Number of protein chains: 12
Amino acid sequence: MRVAVIHGQNLRLLGRREPEVYGTDTLLDVDTLLADLGAELGIELETFQSNHEGEILDFVDEASGRVDGFLINPGALTHTSIGLRDALLGVDRPFVEVHLSNTQARERFRRRSFLSGVATGVVYGFGVESYLLGLRGLAAHIGG
Amino acid sequence: MRVAVIHGQNLRLLGRREPEVYGTDTLLDVDTLLADLGAELGIELETFQSNHEGEILDFVDEASGRVDGFLINPGALTHTSIGLRDALLGVDRPFVEVHLSNTQARERFRRRSFLSGVATGVVYGFGVESYLLGLRGLAAHIGG
Amino acid sequence: MRVAVIHGQNLRLLGRREPEVYGTDTLLDVDTLLADLGAELGIELETFQSNHEGEILDFVDEASGRVDGFLINPGALTHTSIGLRDALLGVDRPFVEVHLSNTQARERFRRRSFLSGVATGVVYGFGVESYLLGLRGLAAHIGG
Amino acid sequence: MRVAVIHGQNLRLLGRREPEVYGTDTLLDVDTLLADLGAELGIELETFQSNHEGEILDFVDEASGRVDGFLINPGALTHTSIGLRDALLGVDRPFVEVHLSNTQARERFRRRSFLSGVATGVVYGFGVESYLLGLRGLAAHIGG
Amino acid sequence: MRVAVIHGQNLRLLGRREPEVYGTDTLLDVDTLLADLGAELGIELETFQSNHEGEILDFVDEASGRVDGFLINPGALTHTSIGLRDALLGVDRPFVEVHLSNTQARERFRRRSFLSGVATGVVYGFGVESYLLGLRGLAAHIGG
Amino acid sequence: MRVAVIHGQNLRLLGRREPEVYGTDTLLDVDTLLADLGAELGIELETFQSNHEGEILDFVDEASGRVDGFLINPGALTHTSIGLRDALLGVDRPFVEVHLSNTQARERFRRRSFLSGVATGVVYGFGVESYLLGLRGLAAHIGG
Amino acid sequence: MRVAVIHGQNLRLLGRREPEVYGTDTLLDVDTLLADLGAELGIELETFQSNHEGEILDFVDEASGRVDGFLINPGALTHTSIGLRDALLGVDRPFVEVHLSNTQARERFRRRSFLSGVATGVVYGFGVESYLLGLRGLAAHIGG
Amino acid sequence: MRVAVIHGQNLRLLGRREPEVYGTDTLLDVDTLLADLGAELGIELETFQSNHEGEILDFVDEASGRVDGFLINPGALTHTSIGLRDALLGVDRPFVEVHLSNTQARERFRRRSFLSGVATGVVYGFGVESYLLGLRGLAAHIGG
Amino acid sequence: MRVAVIHGQNLRLLGRREPEVYGTDTLLDVDTLLADLGAELGIELETFQSNHEGEILDFVDEASGRVDGFLINPGALTHTSIGLRDALLGVDRPFVEVHLSNTQARERFRRRSFLSGVATGVVYGFGVESYLLGLRGLAAHIGG
Amino acid sequence: MRVAVIHGQNLRLLGRREPEVYGTDTLLDVDTLLADLGAELGIELETFQSNHEGEILDFVDEASGRVDGFLINPGALTHTSIGLRDALLGVDRPFVEVHLSNTQARERFRRRSFLSGVATGVVYGFGVESYLLGLRGLAAHIGG
Amino acid sequence: MRVAVIHGQNLRLLGRREPEVYGTDTLLDVDTLLADLGAELGIELETFQSNHEGEILDFVDEASGRVDGFLINPGALTHTSIGLRDALLGVDRPFVEVHLSNTQARERFRRRSFLSGVATGVVYGFGVESYLLGLRGLAAHIGG
Amino acid sequence: MRVAVIHGQNLRLLGRREPEVYGTDTLLDVDTLLADLGAELGIELETFQSNHEGEILDFVDEASGRVDGFLINPGALTHTSIGLRDALLGVDRPFVEVHLSNTQARERFRRRSFLSGVATGVVYGFGVESYLLGLRGLAAHIGG
């Protein structure tokens, strides 16, 4: 089983950015935890970060031929990118949407996700643990 | 660590009810899987099911003295009960909200949850796996 | 053919409650008229009244094994209970929704019914006659 | 007792038009069933079909002098014609609104009826049976 | 100066229809009063009544060649007919919109007029006097 | 018969203010034309102008004992003052609302009037002629 | 004079629940203060608490025969229960709605009350004092 | 303890204005009853009435130095004046908002108050008694 | 291949009506251009114009037996007629919707079309060319 | 070059009022800083403060003959006064709108300004510096 | 005549992506068909595809100097990019918007296009034929 | 003090693009004026332009380590980019938002800015002067 992990807009700032919202773990910490869990579950992982919507669309297209699913934290693109929704639908792979923070407890414009309605499953609010739960859920779905 | 699992409205119908939406596992199957995972993680579990909003409020009040958190699938009360939100806030225990189906991919009136904004974390769309991921997330939160 | 008649919130007050809206017949009068029509149409009837949403959900679940359909006047639950909609969908039996008054001619919050969109048919505005027409319609649907 | 039955826009297509929504009975079948029930209940019936809002307004005006009530399925005019509401209010005769399909289970723009709030009663979702129940309800109202 | 007076939907019912809203004058009374005022002001009048939106559009087109303006009470078409707005704009003649009743004091759906924003002027709420004031206003506008 | 004419906010600017909207007549011109028509109709007039909502409320209260009705162009208070509505309702005198311009053809926030729904009648869009038509309409109403 | 005091959802948690919002008085403290004031004003009181909407509807029905009015703090049912509104209207007794906190200063979904529009009077924001003021107001109304 | 009582727009009309809504007591009656209760509770009162928003803002500013709180019935300014909200917040004194009528049972535009969300407490619907309850509540708050 | 061309409300005014919006070609010019293109593409055309919604519904019904598709510019009925949508769906023939002007660049009420969501394709904004492109598109669809 | 500075509702409270929002400078401090900058830029200034909308309208009218532009902080009138918009448009002088606080970061009802859409320019969020930037901007506009 | 064809987000997936919505032609097929039609009509074409909003803005800027118009299928950017609208307006070249699918028959968020209101014309719903019709329309417009 | 100036989408078109809205100055002119003012105020400036949201996010991240604040005109990203808001919040530097045109006087979709609510201050409507005022305001804030 092979899974691509996508970190969207501003996730490079993790650990520095609004730590009372996002915690103090860095993106490297997240990737290390995911790698450990991937190893435990027998999943090959590749990770990708970009602040560019277009690069993420390109990546989804290109990676779709070699992975069984996507684990994605789109950052702010969650709420603004219909293109990302179309790309994920277009390549016909299961994907799981995760968020570090509880997006329903923040600004009103974060309540709407263009992805949730077409995702396999959604996990949010658990900090870095959201990624780990999401990977487990995706593995269960693909393996199921 | 001790956790109360609450199954809300109509979950008694699980396995019989709209299987294309909710799958064929019964509530007993869910509880068995949760018990196994609880044992693995060292969590004592108690479970409660009711179709009555009032009974669930009573239970939250009464159980709050002996548990460290709640894992709750409120069923349709998710979208209608402010009282449940108030009860969970009132007893000051962390709780995780889970749903079997992808509530964002269904009717419009299922998009709003009175609980999500005050939950520790939220998991939905993975079928029975949603409960297991939710329990892991709650355990990580309490244990963390 | 066997049909369960459900009288929801506050219907116990019938005859006493806002007679300019609901008329002077009591719930007993309604049940007598229904019994007569049931006898004429060869339908076995059982009736149930409760002010408790949870009790009605329990009843729908429990009765669904022995009846061919439901005739229901949910009272105010019409406008507030998604759980009732889920229960009726969950047991997979046809049901007819009836109201004594013309709910479209009253307060704005009575305009929306969570049941109508999934009902076999809907009858309202005819006073007690609404129940009788609803029973005929349900019988025709089941018998048809 | 004399009742005018009005079939509004596109009902001439009945039997040919979207049979999965409207069934395979033709307008002639409907009128035959109504005639039989009218005879049984001792009601003189006259029927009128038009795709023209203006012709229906003219008919309501002209027929109002000789009938005790109207049974009307306005078709799409239900959702667009305030003139029809005004005409029926203006001639001061009771009327019952019926629909073959469950209008609440279809497109959003079919949810609003300009007639329901001023009708004696409303029946929908029972297919052709809606007309028969509507006629019974109207008769009970006039006779009551 | 020549003016066409258009009476729209249901105005034929005037005097019989909801007299507490529309008064007891008949359409003939209105036309007589208008004729008298027209004579006083030196205006040639022709009047037209129809319940058919299409006939009114045809009339606007056909009459536009011989009149200097229109005085129109569209009845319920006020709130539903964009075609009437387009016709009146299309023939490029000034028109005045009048209503017997105070349309802002009635149902919410009567608040919006598709004509008012493109009318020369609007008069409502004065009963039959609304027509007379409207004719004076139109005459002043054309003559001005 | 005695009528108070109220000119509301910014009407002192008339003739100087946005002449393409309001024309070149001054407030004095308006008052002269009203005086002439008042003389013709046998109406005693008094006029009042203020930019202060409070002064207008005081005036309505104080003048109500000596006049039979009000002719009012509230200016921008039309859209913002519930107090003016309450004052006019409170003194229980008929009043007519007039506007020089066609308020429905301008900014969206000019579409709503707090007065129209409780006015005897409304006239707008005819320029200065609106006042004259309004006075005629008020006289007809009081005299009628 | 006899008054029933109803404490709705979650009020059993008072003193423990979000003390920065609801204060530290317990429900027993509230009832003691009410009893003292009742004695002073010569009012017989009975009190009832339930988290179950249905039980409160049953109580309103049953108690209505022996009391002159209701003093009610519905808790979260304020915002969700049309059935409670119907019950209180149905038994035709005056009632006063009270809240400890200022419900208008909290979440948006607490702004709407299904009861306020049919209550005799409403008091909120004074903490426990809200109950005492409400009882005085109810007594004045009944006694007045 | 010293309290300023503010009567806002149109309250001078009390006793004359819409007595079916506001009752027959005059403003003098209200002030007399308040004076009596003030004497009983040991509160010095000063009262102020104005129809001018600006005068009330000036008064709030000027009086704030000598009073411990405000009791205010803003009349229609309740629904339109953000300036009044700002003034009361700006002088940092507790205030209680009262209304004679049940504002939630009237026009839709009376449902929103710019003051309620920042008031100490709110009382409405009890007629003149609303003022007395409000004064008691304010006294309890200041004294508490 | 046979196609019916329908010109809806006010299109008879073409060439005279708001030429800055609709251009100076007349309906005859449009029909001539369509005839030429029809000849080129081997399509038999028949054309129909009416200002009457009812006549268009009748025509759709009657013509549907002899044509392979419809090319329709409904005029203002685009935005108001659900009956037209129902008729076109009811006869089960492909249809293409065209407009001369760019309806998205005009008044807000022209943005919604009841037809577009069920049309084969839509073309607008190209003036008379819109008809020609629409005919080509319809031919490609039917022929494809 | 001559500029009138208008301070609207509650600005007299500056320095005392919610200092965490508005800072500790008084209105006198603001005027002193403006005078210094005016001297530097060669602008004659006059300043005006009022809590009365009407007085500000009067001032705009009266001052417009002698100034080249207005610098205005309307306070809460920003969000409620259409009359102020009309006055500033009516006198045909450029004006700049300024706010001390960031009005977009506060309550929802402060988001809408009736002035911004017709202002030359808008500056907010810089505290007292907003006035100085606004004056520079106005000077550049008038001088440019 | 020279035209630039822009294929926006995800169009590279054409032929693979949701074929029930978008058909089985690839982007290469589209470009070949366009080239053939371009040759027939004497139009030089250049084509550009990108998933990056920024790259498309850059291209519009850069190409605008050498082309007479744009033919654009923006993909999901249709609904989210105001920048694309601004770029096309900014370079002042006519452009035609095309879509393969009927965007009005899909999700609600696809109903709004930021481009349509400023486009020369719009074509959608005809599959690949939409591009060909769009090119014809653009050529007619430029050539006209 | 060091400040980064960011020019967002389409600002490269300045001077060519819609000159009636944006004026005839080019981006080079803007940068020259900013450089002059920067020199006068002792501020080191660096400037950045991109049409790519992702590049701007990258730049904000990378530049944040070496600057004291940002001066940003996001162009159309103002209204669509939540990612830009998150980036600016995430690097925890003050920023000022500027616009050349009066965005409140243009299309409705330009009224909402995702940045304004978290900006230090906002300046718009003064043309190129907006940048200069914004730089002064930012300098005062940082220096203050």
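Provided above is the structure to which this section pertains.
Residues numbered from 1 in each chain as written. Chains lettered and ligands numbered in written order. Predicted model: local features only at pLDDT ≥ 70, side-chain atom pairs only at ≥ 80, totals over all residues. Heavy atoms only, no water.

Participant: I keep staring at the overall build of chain A and nothing clicks. Help me out?
Facilitator: Within chain A one finds six helices and five strands. Across chain A, helices and strands are ordered from the amino to the carboxyl terminus as β-α-α-β-α-β-α-α-β-β-α. Here the C-alpha coordinates of chain A stretch approximately 35 × 30 × 25 Å along the principal axes. Expressed as a percentage of the 144 residues in chain A, the buried residues total 62%. Pairs at least 24 apart in sequence give 74% of the contacts found in chain A among residues at least 6 apart. Element-wise, carbon and sulfur atoms account for 47% of the exposed surface of chain A, whose accessible area totals about 4800 Å². Computed over 13 positive and 20 negative side-chain charges, the inter-centroid distance for chain A is 7 Å. (Helix = DSSP H or I, 4+ residues; strand = E, 2+ residues; numbered from the N terminus. Buried < 20%, exposed > 50% of the residue type's maximum accessible area, 1.4 Å probe, protein only. Contact = heavy atoms within 4.5 Å. Areas by Shrake-Rupley, 256 points an atom, 1.4 Å probe, with all protein chains shown as cover. Lys, Arg positive; Asp, Glu negative; His and termini not counted. Charge placed at Lys NZ, Arg CZ, Asp CG, Glu CD.)

Participant: Just checking my understanding: could you explain the pairing of strand β1 (residues 2-7) of chain I for this structure?
Facilitator: Within a regular beta strand, the side chains point alternately toward one face of the sheet and then the other, so they alternate between its two faces. Residues and elements named next belong to chain I. Here β1 lies mainly inside the structure; five of its six residues are buried. Bridge count for β1 against strand β2 (residues 44-49) is six bridges, and the pairing is parallel. Each bridged residue has a counterpart across the sheet, and for Arg-2 the counterpart in β2 is Glu-44. Alignment of β1 against strand β3 (residues 69-73), held across five bridges, turns out to be parallel. Along β3, the bridge assignment pairs Val-5 with Leu-71. (Pairing = 2+ DSSP bridges.)

Participant: I keep staring at the interface of chain E and chain I and nothing clicks. Help me out?
Facilitator: Opposite the 17 residues of chain E that make contact, chain I presents 16 residues. When chain E packs against chain I, the two sides together hide about 1400 Å² of surface, and 50% of this comes from carbon and sulfur. Ranking the residues of chain E by area buried against chain I places Asp-61, Ile-82 and Asp-86 of chain E at the top, with a combined share of 35%. Our count for the chain E to chain I interface comes out at five salt bridges. The residue Arg-85 of chain E makes a salt bridge to Glu-107 of chain I at a minimum N-O spacing of 3.4 Å. Where chain E touches chain I, the interface holds eight residue pairs in polar contact (both at pLDDT 80 or more). Broken down by secondary-structure element, the contributors of at least two residues to the side of chain E that touches chain I are α3 (53-63) and α5 (82-91) of chain E. If you tally residues by element for the side of chain E that touches chain I, the top one is α5 of chain E, at eight residues. (Buried area = accessible area lost by both parts, 1.4 Å probe. Salt bridge = Lys/Arg side-chain N within 4 Å of Asp/Glu carboxyl O. Polar contact = N/O pair within 3.5 Å; in protein donor to acceptor, adjacent residues only side chain to side chain.)

Participant: Before we go on, may I ask you to explain the relation of the copies chain E and chain I in this structure?
Facilitator: Mapping chain E onto chain I leaves a residual RMSD of 0.0 Å; the transformation is a rotation of 120° accompanied by 0.0 Å of translation along its axis. Here the copies are linked by what is in effect a three-fold axis. When C-alpha positions in chain E are compared against the rotation axis, the closest is assigned to Thr-80 of chain E, at 4.1 Å. A share of only 6% of interface residues in chain E that are also interface residues in chain I marks the association as one of differing surfaces. (Least-squares fit on C-alpha atoms with pLDDT ≥ 70 in both.)

Participant: Which parts of the structure should I look at to understand the interface of chain E and chain F?
Facilitator: Interface size is commonly expressed as the accessible area that is lost once the parts come together. Taken together, the contact between chain E and chain F spans 20 residues of the former and 20 residues of the latter. For the pairing of chain E and chain F, the buried interface totals around 1500 Å² over both sides, and the portion due to carbon and sulfur atoms is 60%. Considering only the surface of chain E that becomes buried against chain F, Tyr-124, Phe-126 and Arg-136 of chain E emerge as the three largest contributors, covering 31% of it. Linking chain E with chain F are zero salt bridges, by the criterion used here. Our enumeration of links across chain E and chain F arrives at six residue pairs in polar contact (both at pLDDT 80 or more).

Participant: What is the right way to look at the packing of helix α3 (residues 53-63) of chain H against helix α5 (residues 82-91) of chain H in this model?
Facilitator: Helix-helix packing is characterised by the crossing angle of the two axes and by the distance between the axes. Residues and elements named next belong to chain H. Where α3 meets α5, the axes come as close as 9 Å, and the angle between the chain directions of the two elements is 5°. Relative to α5, the element α3 lies roughly parallel. Seen from α3, the contacting residues are Glu-53, Ile-56, Leu-57, Val-60 and Asp-61; seen from α5, they are Gly-83, Leu-84, Ala-87, Leu-88 and Val-91. Among the residues forming the contact of α3 with α5, the class breakdown is seven nonpolar, one polar and two charged. (Axes fitted to C-alpha atoms, helices over the stretch in contact; angles between N-to-C directions. Parallel < 35°, antiparallel > 145°, perpendicular 65-115°, else oblique. Nonpolar A, V, L, I, M, F, W, Y, C, P; charged D, E, K, R; others polar.)

Participant: Can you help me understand the sheet that holds strand β2 (residues 44-49) of chain G in this one?
Facilitator: Backbone-to-backbone hydrogen bonds pair the strands of a sheet. The strands run either parallel or antiparallel. Judged by pairing direction, the sheet is mixed, and its ten strands sit side by side in the order β2(G)-β1(G)-β3(G)-β4(G)-β5(G)-β5(H)-β4(H)-β3(H)-β1(H)-β2(H) without closing on themselves. Where the open sheet ends on each side, the last strands, each with one partner, are β2 of chain G together with β2 (44-49) of chain H. Sheet twist, expressed as the mean angle between neighbouring strand axes with direction ignored, is 15°. Note that strand β4 (residues 95-99) of chain G and strand β5 (residues 121-124) of chain G share four bridges and pair parallel. For His-99 of chain G, the partnering residue across the bridge sits in β5 of chain G and is Tyr-124 of chain G.

Participant: Would you mind showing me how to read the relation of the copies chain E and chain F here?
Facilitator: Two chain copies, one operation linking them: a rotation about an axis together with a shift along it. Of the transformation superimposing chain E on chain F, the axial component is 0.0 Å and the angular component is 180°, with the fit at an RMSD of 0.0 Å. The two molecules are tied by a two-fold rotation axis, judged by turn and shift. The C-alpha atom lying nearest the rotation axis in chain E is that of Val-123 of chain E; the distance is 2.2 Å. A shared binding surface is used by both copies, with 100% of the interface residues of chain E retained as interface residues in chain F.

Participant: Help me out: how do you make sense of the pattern of salt bridges in this one?
Facilitator: Once their charged atoms are close, side chains differing in charge can pair, the charge on each being opposite to the other. Residue and element names in this part refer to chain C. Summed over the entire model, instances satisfying the criterion amount to 132 salt bridges over all chains. Among the ionic pairs, Arg-2 bridges to Glu-44, the shortest N-O distance being 3.3 Å. Of the two residues, Arg-2 is situated in strand β1 (residues 2-7) and Glu-44 in strand β2 (residues 44-49); the sequence distance between them amounts to 42 residues. Residue class for Arg-2 comes out partly exposed when judged on its relative accessible area of 22%.

Participant: Looking at this model, I keep getting lost on the arrangement of the chains. Mind explaining?
Facilitator: Between chain A and chain G there is no contact; the minimum C-alpha to C-alpha separation amounts to 12 Å. Structurally, chain F and chain G remain out of contact, their C-alpha atoms never closer than 20 Å.

Participant: What is the right way to look at the environment of Arg-66 of chain C in this model?
Facilitator: Residue and element names in this part refer to chain C. Take Arg-66: it is sitting in the loop between α3 (53-63) and β3 (69-73). The class for Arg-66 is partly exposed, based on a relative accessible area of 34%. Expressed as a C-alpha distance, the spacing of Arg-66 and Leu-77, which sit eleven residues apart in the sequence, is 24 Å. If we skip the residues at most four places from it in the chain, Arg-66 touches Arg-2, Glu-46 and Phe-59. Within polar-contact distance, the side chain of Arg-66 engages the side chain of Glu-46 at 2.7 Å.

Participant: Got a minute to help me understand the sheet that holds strand β2 (residues 44-49) of chain A in this structure?
Facilitator: Spatially, ten strands are ordered β2(A)-β1(A)-β3(A)-β4(A)-β5(A)-β5(B)-β4(B)-β3(B)-β1(B)-β2(B) in an open sheet, and the strand pairing comes out mixed. The open sheet has two edge strands, β2 of chain A together with β2 (44-49) of chain B, and neither has a second partner. With strand direction ignored, the average angle separating the axes of adjacent strands in the sheet is 15°. Each of β1 (2-7), β2 and β3 (69-73) of chain A touches helix α2 (residues 27-41) of chain A; the most contacted strand, β2 of chain A, lies at about 165° to it.

Participant: It is not clear to me how the packing of aromatic side chains should be interpreted in this structure. Could you clarify?
Facilitator: Two numbers describe a pair of aromatic rings. These are the distance of the centres and the angle of the planes. Taken as a whole and assessed by the stated rule, the structure comprises 24 aromatic pairs over all chains. Plain terms: the ring middles of Phe-48 of chain B and Phe-59 of chain B are 4.2 Å apart, the flat faces sit at 0° to each other, and that makes the pair stacked. On the criterion of sequence distance, the pair formed by Phe-48 of chain B in strand β2 and Phe-59 of chain B in helix α3 (residues 53-63) is long-range, its members being eleven residues apart. By relative accessible area, which is 21% here, Phe-48 of chain B ends up partly exposed. Relative to Phe-109 of chain L, the ring of Phe-114 of chain K lies with its centre 5.1 Å away and its plane at 80°, an arrangement referred to as edge-to-face. Highlighted residues: Phe-114 of chain K in the loop between β4 (95-99) and β5 (121-124) and Phe-109 of chain L in the loop between β4 (95-99) and β5 (121-124), drawn from two different chains. (Phe/Tyr/Trp six-rings, centres within 6.5 Å; stacked < 30°, edge-to-face > 60°.)

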